[in-house]
Amino acid sequence: MSLGQQLAPHLPFLRRYGRALTGSQSEGDRYVRAALEAIVAAPEEFPRDVDPRLGLYRTFQAIWSSTHPEQDIAREQAGDDQEAIARARLARIAPLSRQALLLTAMEGFTNEDTAYLIDSSEEEVEALVAEALREIEAQTRSRVMIIEDEPLIAMDLETIVRDLGHDVTGVAVTRDEAVALAMEDRPGLVLADIQLADDSSGIDAVKDILAEFNVPVIFITAFPERLLTGERPEPTFLITKPFQRSTVKAAISQALFFDQSTVPAA
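## Focus: the sheet that holds strand 1 (residues 143–147)
Backbone-to-backbone hydrogen bonds join strands into a sheet, with any given pair of strands oriented parallel or antiparallel.
Piece 1. Ordered by their spatial adjacency, 5 strands build an open sheet running 2-1-3-4-5, and the pairing between neighbours is parallel. Two strands lie at the open edges of the sheet, namely strand 2 (167–172) and strand 5 (237–240), each paired on one side alone. Each adjacent strand pair in this sheet contributes to an overall mean axis angle of 15°, direction not counted.
Piece 2. Where strand 1 lies against strand 2, 5 bridges are found, and the strand directions are parallel. Across the sheet, Ile146 pairs through a bridge with Val171, a residue of strand 2.
Piece 3. Packing against the sheet, helix 10 (residues 151–163) makes contact with strand 1, strand 2, strand 3 (189–192) and strand 4 (217–221), and its axis sits at approximately 165° to strand 2.
Piece 4. Contacting strand 1, strand 3 and strand 4, helix 12 (residues 202–210) runs over the sheet at an angle of about 170° to strand 4.

Here you go:
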């Protein structure tokens with residue numbers, strides 16, 4: 001099997017990581033493209049002593065680190081309101097802390113693998129993750145709507161949301177319920193399943209809601225392949241069921257981190 005064939009299955013998830021890290025699909029894809037170009041230009045330098053996925057992320061990390069994103073944050077501060085708020089928040093968190101959080105909680109790497117990816121120790125990774133969570137949670141607070149037709153999963157998500165200090169506007173189990181609830185009580189974040197109780201679609205519900213107002217969305221689904229197609233804009237945050245509570249917490253914190261409607265927690 002060629003190197004390209006080994007790496008191909010991991011690219012949708014690397015793109016997900018790039019989007020979450022930068023807060024932008026186009027910006028995240030720019031780093032992914034640069035990593036792939038580096039691999040093509042010098043395949044002999046690709047790490048062969050580790051799993052291909054680990055080597056791919058290692059290459060991405062090298063590209064990301066070499067561009068000094070903390071300097072880009074300061075330089076691009078003059079963007080639109082949403083970008084300015086996100087970049088102001090980014091400037092308060094060490095880039096390495098955010099990388100450690102996303103690599104462990106979102107991408108599922110062990111502390112040992114994450115330490116390899118960011119040239120750190122396992123102990124330092126634990127400290128970086130804790131630091132990132134504290135800072136992000138201190139900066140954001142919002143009201144969350146849940147679209148989920150499985151009662152136990154919905155209850156679990158409600159608990160996670162409230163544990164993070166956010167309010168829950170309600171739980172919808174169908175497309176129509178979701179749209180009606182969103183119009184009645186506009187949320188600052190939506191957690192959405194894809195397959196709903198009456199065979200309606202959470203994707204369609206989200207499209208209907210976004211046609212009325214902008215709101216960050218996290219899809220939580222057993223069918224990620226329906227969204228990770230590469231054929232259209234993909235969600236910045238996509239969690240696969242069954243999920244880890246830590247993954248959902250990290251995604252909520254990151255999604256609100258880039259949204260202008262959240263406010264500093266008291």
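## Looking at the packing of helix 7 (residues 95–106) against helix 13 (residues 245–257)
Piece 1. With their axes 8 Å apart at the nearest point, helix 7 and helix 13 run at an angle of 140° to one another. Regarding the angle of helix 7 to helix 13, the classification is oblique. When you trace helix 7 past helix 13, the crossing you get is left-handed. Side by side, helix 7 and helix 13 meet where Arg98, Leu101, Leu102, Ala105 and Met106 of the first sit next to Ser246, Thr247, Ala250, Ala251, Gln254 and Phe257 of the second.
Piece 2. Of the residues that constitute the contact of helix 7 with helix 13, the class distribution is 7 nonpolar, 3 polar and 1 charged.

## A few points about the packing of aromatic side chains
Piece 1. On inspection of all chains with the given rule, the structure shows 5 aromatic pairs.
Piece 2. With centroids separated by 4.9 Å and ring planes inclined at 75°, the aromatic side chains of Tyr57 and Phe109 adopt a geometry described as edge-to-face. Of this pair, Tyr57 sits in helix 4 (residues 52–66) while Phe109 is found in the loop between helix 7 and helix 8 (111–117), placing the two residues 52 residues apart along the sequence. Each member of the pair Tyr57 and Phe109 is classed as buried.
Piece 3. Aromatic rings pair up to connect Tyr17, Tyr31, Tyr57, Phe60, Trp64 and Phe109 into one cluster.
Piece 4. The ring of Phe109 carries Arg53 above its face, with NZ or CZ at 4.1 Å from the centroid.
Piece 5. Residue placement shows Arg58 over the ring face of Tyr116; its charged tip is 4.6 Å from the ring centre.

## Description of the pairing of strand 1
A regular strand places its side chains on the two faces of the sheet in alternate fashion.
Piece 1. With 4 of its 5 residues buried, strand 1 lies for the most part within the structure.
Piece 2. This β-α-β element, strand 1 to helix 10 to strand 2, shows right-handed connectivity.

## A word on unusual backbone geometry
Piece 1. Backbone torsion omega between Lys241 and Pro242 reads -5°, so that peptide bond is classified as cis.
Piece 2. Mapped onto the fold, Pro242 is located in the loop between strand 5 and helix 13.
Piece 3. In the Ramachandran plot, Asp199 falls in the positive-phi region, its phi being about 65° despite a non-glycine side chain.
Piece 4. As for its position among the elements, Asp199 is in the loop between strand 3 and helix 12.
Piece 5. Residue classification places Asp199 among the exposed residues on the basis of a relative accessible area of 65%.

## Focus on helix 4
Piece 1. In a regular helix each residue adds 1.5 Å, so 15 residues correspond to 21 Å; helix 4 covers 21 Å between its end C-alpha atoms and thus fits that length.
Piece 2. Among the 15 residues that make up helix 4, 11 are buried, leaving the element largely enclosed by the rest of the structure.
Piece 3. Listing the buried residues of helix 4 in full gives Pro52, Arg53, Leu54, Gly55, Leu56, Tyr57, Thr59, Phe60, Gln61, Ile63 and Trp64.
Piece 4. The opening residue of helix 4 is Asp51, an N-cap whose side-chain oxygen sits 2.9 Å from the backbone nitrogen of Arg53.

## Notes on the side chain of Ser200
Piece 1. Assignment of secondary structure puts Ser200 in the loop between strand 3 and helix 12.
Piece 2. Within the structure, Ser200 has its side chain in polar contact with the backbone nitrogen of Arg175 (distance 3.1 Å).
Piece 3. Here Asp198 takes part through its side chain, which lies 2.4 Å from a polar atom of the side chain of Ser200.
Piece 4. Look past the residues within four positions of Ser200 in its chain and what remains in contact with it is Thr174, Arg175, Ile194 and Gln195.

## Some words on the pattern of salt bridges
Piece 1. For the coordinates displayed, the defined rule picks out 13 salt bridges.
Piece 2. Arg16 is the partner of Glu107 in a salt bridge, and the nearest nitrogen-oxygen pair spans 3.2 Å. With Glu107 in the loop between helix 7 and helix 8 and Arg16 in helix 2 (residues 11–22), the pair connects residues that are 91 residues apart, well separated along the chain. Across this residue pair, the class does not change: Glu107 and Arg16 are buried.
Piece 3. Here Glu148 makes a salt bridge to Lys241, at a shortest N to O gap of 2.8 Å. With a gap of 93 residues between them, Glu148 in the loop between strand 1 and helix 10 and Lys241 in the loop between strand 5 and helix 13 connect regions that are remote in the sequence.

The rules behind the values
Counting restarts for each chain: residues are numbered from 1 in the order of the written sequence. Two thresholds apply to this predicted model, a pLDDT of at least 70 for residue-level local features and 80 or more for giving and counting side-chain atom pairs, whereas whole-chain, interface and lining totals are computed over all residues. Hydrogens and waters are ignored; side-chain quantities use all the structure's heavy atoms. Only strands joined by at least two bridges in the DSSP assignment are considered to pair. Going along the chain from the N terminus, every DSSP run of H or I of four or more residues is numbered as a helix, and every run of E of two or more is numbered as a strand. Between N-to-C directions, angles span 0 to 180 degrees; the directions come from axes that are lines fitted to C-alpha atoms, helices contributing only their stretch in contact. By definition, residues are in contact when any of their heavy atoms lie within 4.5 Å. Angular relationships are summarised with four words: roughly parallel below 35 degrees, roughly antiparallel beyond 145, roughly perpendicular across 65 to 115, and oblique for the angles in between. What makes a crossing left-handed is the near helix being turned counterclockwise from the far one by less than a right angle; a clockwise turn instead makes it right-handed. Only Asp, Glu, Lys and Arg are considered charged in this grouping, and only Ala, Val, Leu, Ile, Met, Phe, Trp, Tyr, Cys and Pro are considered nonpolar; every other residue, Gly among them, is considered polar. The criterion for an aromatic pair is that two Phe, Tyr or Trp rings (for Trp, the six-membered ring) have centres within 6.5 Å, with stacked assigned to planes under 30 degrees apart, edge-to-face to planes over 60 apart and tilted to the rest. Only protein chains enter the accessibility calculation, which uses a 1.4 Å probe; a residue whose area is less than 20% of its type maximum is buried, one above 50% is exposed, and one in between is partly exposed. A ring has a charge above it when a Lys NZ or an Arg CZ is no more than 6 Å from the ring centre and no more than 35 degrees off the ring normal. Here is how to tell: hold the view so the strands point away, follow the path from the first strand over the helix to the second, and if it runs clockwise the crossover is right-handed. Helix span, expected: 1.5 Å multiplied by one less than the number of residues in the helix. Polar contact is the term for a pair of N or O atoms within 3.5 Å; when the atoms are in protein, one must be able to donate a hydrogen and the other to accept it, and sequence-neighboring residues count only if both atoms are side-chain atoms. The rule for a salt bridge is simple: a side-chain nitrogen of Lys or Arg has to be within 4 Å of a carboxyl oxygen of Asp or Glu.

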